[in-house]
Amino acid sequence: MPTRTFWLISASGLVPFLVCLAIAYSTPDVSALHDAAIRTFLVYAALTLSFLGGARWGAELARSPDAPILWRMVAAATPTLVGLAALLPQTPPKAALGLLMLSSGMQLAWDVAASREGLLPPWNARVRTVLTVAGTLCSLALWPAIA
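All values reported here derive from a predicted model rather than from experimental measurement.

Caption draft 1: Quick look at the side chain of Ser-139. Examined against the element boundaries, Ser-139 turns out to sit in helix α6 (residues 124-142). On the basis of relative accessible area, Ser-139 is assigned to the buried category, the value being 7%. Sequence-distant contacts of Ser-139, that is, excluding residues within four places in its chain, are made with Phe-41, Leu-97 and Met-101.

As C-alpha cells, then:
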C-alpha cells in the first residue's frame, strides 16, 4: 500500500488544476489571463493523460520485455494522441475538455482492470480512482468557465 508520502506526491498533481480553476474564476471572462488559465488546464490534462499512457507502456515492458503484447503497447500510446487531438488549435475548448475527461475515464477503467488481473499493483486501482475522480471534478468545475 502506498505511503503518506506517495499519496502527497500523487495528490500534488492536482495543484495545477486547482490553480487554473482559481485563476479562471477570479478573472473576467474576456481577459487574456482567463483564457490562459483554461488553456493551461487543458494542456496539463493532456500531459497527465500522456503520463498515464507512458506508465502503462512501462508496465507492459516490465511485464514482458522481450515480447510485449502489441495491443497493449498501441493502447498505451493512444492517450498521447488523444491529448494531441484535444490541443489542436481547431478543437473547441469544451470539446477538448470532454475528450480529455472521456479518455481519462477509459484509462481509469483499464488501470482498474489491470490491477484486478495482477498486471498492476493492487493499490493502483484505489490511487487512480481517487485521483481520476478529483481530476474529473476539477474538469467539471471548469466547464462553466469556458465560453
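Caption draft 2: Fine view of the environment of Glu-60. Secondary-structure assignment places Glu-60 in helix α3 (residues 32-63). For the pair Glu-60 and Met-73, spaced 13 residues apart in sequence, the C-alpha separation works out to 7.2 Å. Discounting residues that sit within four places of it in the chain, Glu-60 has contacts with Pro-68, Ile-69, Arg-72 and Met-73. There is a polar contact of 2.8 Å between the side chain of Glu-60 and the backbone nitrogen of Ile-69.

Caption draft 3: A look at the packing of aromatic side chains. Inspection of every chain in the model, using the stated rule, returns four aromatic pairs. Both rings, one in Phe-6 and one in Trp-123, keep their centres 5.1 Å apart while their planes meet at 75 degrees; by these two values the pair is edge-to-face. Of this pair, Phe-6 sits in helix α1 (residues 4-12) while Trp-123 sits in the loop between α5 (93-116) and α6, and the two are 117 residues apart along the sequence. Here Trp-123 falls in the partly exposed class, since its relative accessible area comes to 26%. Where Phe-17 meets Tyr-44, the ring centres are 4.9 Å apart and the plane angle is 70 degrees; that geometry is what we call edge-to-face. Of this pair, Phe-17 sits in helix α2 (residues 15-26) while Tyr-44 is found in helix α3, placing the two residues 27 residues apart along the sequence. An aromatic cluster of at least three residues, connected via ring pairs, comprises Phe-17, Phe-41 and Tyr-44. A cation sits over an aromatic face here: Arg-56 above Trp-110, 3.8 Å from the ring centre.

How each quantity is defined
Residues numbered from 1 in each chain as written. Predicted model: local features only at pLDDT ≥ 70, side-chain atom pairs only at ≥ 80, totals over all residues. Heavy atoms only, no water. Helix = DSSP H or I, 4+ residues; strand = E, 2+ residues; numbered from the N terminus. Buried < 20%, exposed > 50% of the residue type's maximum accessible area, 1.4 Å probe, protein only. Contact = heavy atoms within 4.5 Å. Polar contact = N/O pair within 3.5 Å; in protein donor to acceptor, adjacent residues only side chain to side chain. Phe/Tyr/Trp six-rings, centres within 6.5 Å; stacked < 30°, edge-to-face > 60°. Lys NZ or Arg CZ within 6 Å of the ring centre and 35° of its normal.

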